[in-house]
Amino acid sequence: ITVTSVVKHDNALKDVAIKLTYYWVFNNFRNANWWCNEIGANGALGNTAMFIYQDLHPKAQVALRARLAESSFRYRLSLLTHTGGNLVDYANLTLQSSILNRDREEFELAVQRIEDEIVDTNIEGFQPDGSFFQHGRQLQTTSYGIVALGLGKLLRIINKTSRKFDESKLDIISRFILRGFRS
């Protein structure tokens, strides 16, 4: 049983998801905290949209795509400067936006930025020992590093397309998961 199969076959659940999406998109709620607006709420809306988008009214589809565009690399190039966990969140939103907009360039931009981030470093990011640093040389394996685990989900999406990741990038992610969390 997957979330997709439950949503597809449970009309009551699908109806609730559609109503909640309408409520959020058309009220355009905002919080004083940037993360809630750009990543939290948009992430929840984007994840929901992946399951119910075709069932939404066209006006809701347009509003949803506009909301996700706020957190997309293509429409806000300044987001490309983020690193670590926030980069993964924005990359996920950019991929969702590219899928909903059927925008191959936006998809490629997200994939390339993710790939550029997956490197061995002694500063911020993936460490040779399998740990993860963020905000300088601060160990963040179980905070920002957990968000970076989202790369696994993104890699599954990306690898179902004609765009594939270099094996060396997959090795870094594998080492991070196996050494950073198991040891």
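Nothing here was measured: the structure is a model prediction, and the numbers come from that model.

A. Here's a closer look at the overall build of the protein. Within the protein, the secondary structure is distributed over nine helices and three strands. Put simply, the protein runs from its N terminus to its C terminus through helices and strands in the order α-α-α-α-α-α-β-β-β-α-α-α. Relative to a compact globule of 183 residues, whose C-alpha radius of gyration would be 16 Å, the protein shows 17 Å and is just as compact. Taking the contacts inside the protein whose residues are at least 6 apart along the sequence as the reference set, 63% of them involve residues at least 24 apart.

B. Just the packing of helix H6 (residues 104-117) against helix H8 (residues 150-158), in detail. In contact at an axis separation of 12 Å, H6 and H8 are set at 135° when each is read in the N-to-C sense. For the element pair H6 / H8, the angle class is oblique. With respect to the hand of their crossing, H6 and H8 are arranged in left-handed fashion. Here Phe 107, Val 111 and Ile 114 of H6 lie close against H8, whose contacting residues are Leu 151, Leu 154 and Ile 158. In the contact of H6 with H8, the residues fall into six nonpolar, no polar and no charged.

C. Geometry of the environment of Ala 60. Of note, Ala 60 is situated in helix H4 (residues 58-69). Overall, the relative accessible area of 2% leaves Ala 60 in the buried class. Between the C-alpha atoms of Ala 60 and Thr 21, which are 39 residues apart in sequence, the distance is 8.2 Å. When sequence neighbours within four positions are dropped, the list of residues in contact with Ala 60 reads Tyr 22, Val 25 and Phe 26.

D. How the structure looks around unusual backbone geometry. The phi torsion at Arg 102 lies on the positive side, around 50°, for a residue other than glycine. Within the secondary structure, Arg 102 is located in the loop between helix H5 (84-101) and H6. Relative accessible area serves as the criterion here: at 73%, Arg 102 is assigned to the exposed category. Of note in the backbone geometry, His 135 takes a positive phi value of approximately 55° without being a glycine. Locating His 135 in the fold gives a position in the loop between strand S2 (132-134) and strand S3 (138-139).

E. Geometry of the pattern of salt bridges. Overall, the coordinates contain 10 salt bridges when judged by the stated rule. The shortest N-O distance in the salt bridge between Glu 108 and Arg 163 comes to 3.0 Å. Linking Glu 108 in helix H6 with Arg 163 in the loop between H8 and helix H9 (167-180), this pair joins segments that are 55 residues apart in sequence. Take Glu 108: its relative accessible area is 27%, and that puts it in the partly exposed class. Linking Arg 163 and Glu 115 is a salt bridge whose minimum nitrogen-to-oxygen distance equals 3.2 Å. Within this pair, whereas Arg 163 is found in the loop between H8 and H9, its partner Glu 115 is found in helix H6, the two being separated by 48 residues in sequence. Arg 163 sits in the buried class, given a relative accessible area of 13%. Look at Glu 115 and you get buried, because its relative accessible area is 12%.

F. Just the nonpolar core, in detail. Residues Leu 95, Ile 114, Ile 118, Phe 126, Leu 151, Leu 154 and Ile 158 are the most contacted members of the largest nonpolar core, which totals 24 residues. Of all the secondary-structure elements, those providing two or more residues to this core are H5, H6, H8 and H9. Setting aside anything within four residues of it in sequence, one finds Leu 95 in contact with Phe 107, Ala 110, Val 111, Ile 114, Leu 154 and Ile 158. In this structure, Val 25, Ile 52, Leu 68 and Leu 93 belong to the second largest nonpolar core, which totals 13 residues.

G. Layout of the environment of Leu 93. Along the chain, the position of Leu 93 falls in helix H5. Residues Leu 93 and Glu 70, spaced 23 residues apart in sequence, show a C-alpha to C-alpha distance of 9.2 Å. Aside from chain neighbours lying at most four places away, what touches Leu 93 is Glu 38, Ile 39, Asn 42, Gly 43, Leu 68 and Ser 71.

About the thresholds
- Residues numbered from 1 in each chain as written.
- Predicted model: local features only at pLDDT ≥ 70, side-chain atom pairs only at ≥ 80, totals over all residues.
- Heavy atoms only, no water.
- Helix = DSSP H or I, 4+ residues; strand = E, 2+ residues; numbered from the N terminus.
- Rg over C-alpha atoms; globule rule 2.2 N^0.38 Å.
- Contact = heavy atoms within 4.5 Å.
- Axes fitted to C-alpha atoms, helices over the stretch in contact; angles between N-to-C directions.
- Parallel < 35°, antiparallel > 145°, perpendicular 65-115°, else oblique.
- Left-handed = near helix turned anticlockwise from the far one by under 90°.
- Nonpolar A, V, L, I, M, F, W, Y, C, P; charged D, E, K, R; others polar.
- Buried < 20%, exposed > 50% of the residue type's maximum accessible area, 1.4 Å probe, protein only.
- Salt bridge = Lys/Arg side-chain N within 4 Å of Asp/Glu carboxyl O.
- Core = buried A, V, L, I, M, F, W, Y, C linked by side-chain atoms within 4.5 Å.

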